[in-house]
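So the chains spell out like this:
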Amino acid sequence: MTDTYPTQPEASHFVNGAYVEDTAGAPLDVIYPATGEVIATLHEATPAIVEAALSAAEVAQKAWAALTGTERGRILRRAADLMRERNHPLSVLETRDTGKPYQETSVADATSGADALEYFGGLAGALTGEHIPLAGGDWAYTRREPLGVCVGIGAWNYPTQIACWKAAPALACGNAMVFKPSETTPLSALKVAEILHEAGLPPGLFNVVQGAGAVGAALVGDPRVAKVSLTGSVPTGRKVYAAAAEGIKNVTMELGGKSPLLIFDDADLDSAVSGAILGNFYSSGQVCSNGTRVFVQTGIKEPFLECLTARLESAVIGDPLEPETNFGPLVSARQIEIVEGYIAKAIEEGARLVTGGKRLNRNGFYLEPTVFADVTDDMTIAREEIFGPVMAVLDFETEEEAMARANATEFGLAAGVFTRDLTRAHRVVAGFEAGTCYINSYNDAPVEMPFGGSKLSGVGRENAKTAIEHYSQFKAVHVRMSPLEAPF
Ligand code: NAD
């Protein structure tokens with residue numbers, strides 16, 4: 001087994017089954033967030049690379065769709081096995097690309113990608129249409145057909161996972177994909193492409209092209225593209241959704257959030273604190289579904305803050321490649337500046353800084369885990385997505401009040417509740433205006449469970465059987481069993 005991969009890939013793009021380079025594209029430096037050093041230099045895709053990827057995908061898709069689902073699934077399942085075998089080097093690469101601790105990447109990135117490949121590989125052979133009996137012995141049937149060429153566009157927080165969550169259902173349904181990773185973390189998707197091809201994926205079906213928004217826009221606007229799946233922020237989602245609408249394309253939009261986490265007086269304190277930590281500080285807070293508005297019922301507020309502060313003191317912040325490190329840097333210089341701006345604003349608007357708030361005195365983009373208490377609904381940190389390690393604790397008295405405030409947001413990605421009262425737990429989640437909810441837990445994302453948001457947080461769902469609906473379409477066929485009559 002390879003111990004680690006070189007951070008400089010063979011070439012910037014993976015098109016039609018092979019690495020390709022075009023040095024005419026603008027250089028793209030990849031920075032290791034733990035040190036600020038450049039660890040690779042790639043090139044953005046030129047129009048020639050974009051064209052090569054789209055035409056390869058268009059050609060390859062027809063033959064792929066003509067295979068049985070079982071044949072397609074076998075390749076995806078083989079790729080899942082290869083990803084698991086190579087979990088160590090893939091996780092090291094993911095850590096270098098994103099700065100997330102190896103302790104996380106070794107259990108949440110390639111492993112989650114492998115789960116998606118295995119799950120959708122298993123489903124592929126079972127994808128069917130239905131038989132519909134009609135009057136007079138006539139009948140209809142539906143054929144489940146692929147959409148064609150799909151474009152996937154990724155965010156920088158979970159590069160391997162995002163590539164696999166999009167590629168696995170797309171390929172299972174008989175589509176081809178052109179994937180554009182985030183320009184901040186372009187490395188891992190190339191490894192996903194390599195592995196899929198080693199597992200037997202025919203050339204052209206999963207292509208990776210690098211670049212920033214302009215490359216993404218060129219892909220979305222191409223008339224050969226039938227579907228666009230974006231993971232990114234709401235402002236980007238608006239642009240991509242509008243561009244896709246021009247061509248009446250299918251979309252999946254996995255966008256940002258400002259999710260509520262409700263902690264009632266009767267909650268198990270340690271579990272609730274664990275939920276708040278997982279929902280705010282995993283991946284240094286760079287998780288879309290984070291429960292960043294932590295509503296704590298007043299009876300448990302002081303014990304909650306005490307327990308939380310004590311637990312945060314035991315965070316191991318440091319070199320993300322060290323196995324004991326469990327809190328790493330933010331992804332980029334730009335991101336740490338954005339988050340620092342929110343911290344300054346919170347202080348200015350009167351929130352009480354309980355812990356953290358400062359940069360660490362070391363290289364790289366390290367910011368302390370930060371908690372604000374006495375946050376009110378109108379404060380900027382209670383309204384806007386921060387995407388960093390900043391928790392806002394808000395007080396509440398009654399369930400009714402907490403529910404109204406929890407839902408008073410334009411986002412609707414996730415929501416969670418901690419309580420020992422089961423009836424209340426189910427009543428509360430039924431009332432949440434959010435796509436992905438948790439009871440006495442937070443941020444789990446097993447492939448068997450649908451994931452996605454409502455309101456501004458998105459359209460469509462990833463994972464689970466429901467993702468199939470977003471990568472396939474029905475053709476309906478009416479069959480007459482008796483002679484056909486006409487008025488003349
Ligand atoms: P971003 O919106 O800046 O970029 C996302 C991707 O879109 C990048 O690959 C970018 O190059 C591309 N892009 C930008 N402009 C484009 C355009 N006009 N046309 C086509 N593509 C374009 O997001 P980010 O900063 O990389 O990621 C953070 C955001 O992603 C946060 O808002 C976070 O909540 C969200 N996110 C959501 C989920 C989810 O599943 N709901 C998961 C992870 C991250």
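Above this text sits the structure in question.
The structure displayed is predicted, hence computed values, not measured ones. (Residues numbered from 1 in each chain as written. Predicted model: local features only at pLDDT ≥ 70, side-chain atom pairs only at ≥ 80, totals over all residues. Heavy atoms only, no water.)

## Let's talk about the nonpolar core
Part 1: One finds Phe-206, Ile-263 and Phe-304 to be the most contacted residues of the largest nonpolar core, which totals 115 residues.
Part 2: In terms of residue count, helix α6 (residues 159–172) provides more of this core than any other element does, 9 residues in total.
Part 3: Among residues more than four places away in sequence, those in contact with Phe-206 are Phe-14, Ala-163, Ala-167, Met-177, Phe-179, Ala-189, Val-192, Ala-193, Leu-196, His-197 and Leu-201.
Part 4: Residues Phe-295, Phe-372, Met-379 and Ala-392 belong to the second largest nonpolar core, which totals 31 residues. (Core = buried A, V, L, I, M, F, W, Y, C linked by side-chain atoms within 4.5 Å. Buried < 20%, exposed > 50% of the residue type's maximum accessible area, 1.4 Å probe, protein only. Helix = DSSP H or I, 4+ residues; strand = E, 2+ residues; numbered from the N terminus. Contact = heavy atoms within 4.5 Å.)

## Here we look at the pattern of salt bridges
Pairing of side chains with opposite charge becomes possible as their charged atoms draw close.
Part 1: What the rule picks out here adds up to 24 salt bridges.
Part 2: For Arg-143, the salt bridge goes to Glu-145, with nearest N and O atoms at 2.7 Å.
Part 3: Since its relative accessible area comes to 16%, Glu-145 is described here as buried.
Part 4: Among the salt bridges present, the one from Arg-427 reaches Glu-399, with a minimum N-O distance of 2.8 Å. Residue Arg-427 is located in helix α15 (residues 422–431), and its partner Glu-399 is located in helix α14 (residues 399–407); the two are separated by 28 residues in the primary sequence. (Salt bridge = Lys/Arg side-chain N within 4 Å of Asp/Glu carboxyl O.)

## Quick notes on α14
Part 1: Restricting attention to buried positions, one finds in α14 the residues Glu-399, Ala-402, Met-403, Arg-405, Ala-406 and Asn-407.
Part 2: In this structure, the buried side of α14 is in contact with β12 (260–263), β13 (293–297), β16 (390–396), α15 and β20 (454–455).

## Some words on the site of the ligand
Part 1: Taken together, 28 residues are adjacent to the ligand, and Gly-154, Glu-183, Ser-233, Thr-236 and Glu-385 come closest.
Part 2: A distance of 2.7 Å is found between an oxygen atom of the ligand and a backbone nitrogen or oxygen belonging to Gly-154.
Part 3: For the ligand, an oxygen atom lies 2.6 Å from a polar atom in the side chain of Thr-236.
Part 4: Computed on the free molecule, the ligand has an accessible area of 860 Å², of which 87% lies beneath the protein chains in the complex.
Part 5: Judged by its atoms lying within 2 Å of the grid points, the ligand is housed in the largest pocket.
Part 6: Mapped onto the shell around the ligand, the elements with two or more residues apiece are α8 (213–221), β10 (225–231) and α9 (234–246).
Part 7: Its residues placed into classes, the shell around the ligand shows 13 nonpolar, 10 polar and 5 charged. (Near = heavy atom within 4 Å. Polar contact = N/O pair within 3.5 Å; in protein donor to acceptor, adjacent residues only side chain to side chain. Areas by Shrake-Rupley, 256 points an atom, 1.4 Å probe, with all protein chains shown as cover. 1 Å grid on protein atoms, 1.4 Å probe; cavity = no way out; pocket = protein on both sides within 12 Å on 5 of 7 lines; lining within 4 Å. Sits in = over half its atoms within 2 Å of the grid points. Nonpolar A, V, L, I, M, F, W, Y, C, P; charged D, E, K, R; others polar.)

Read these as layout, nothing more, since geometry by itself doesn't imply function.
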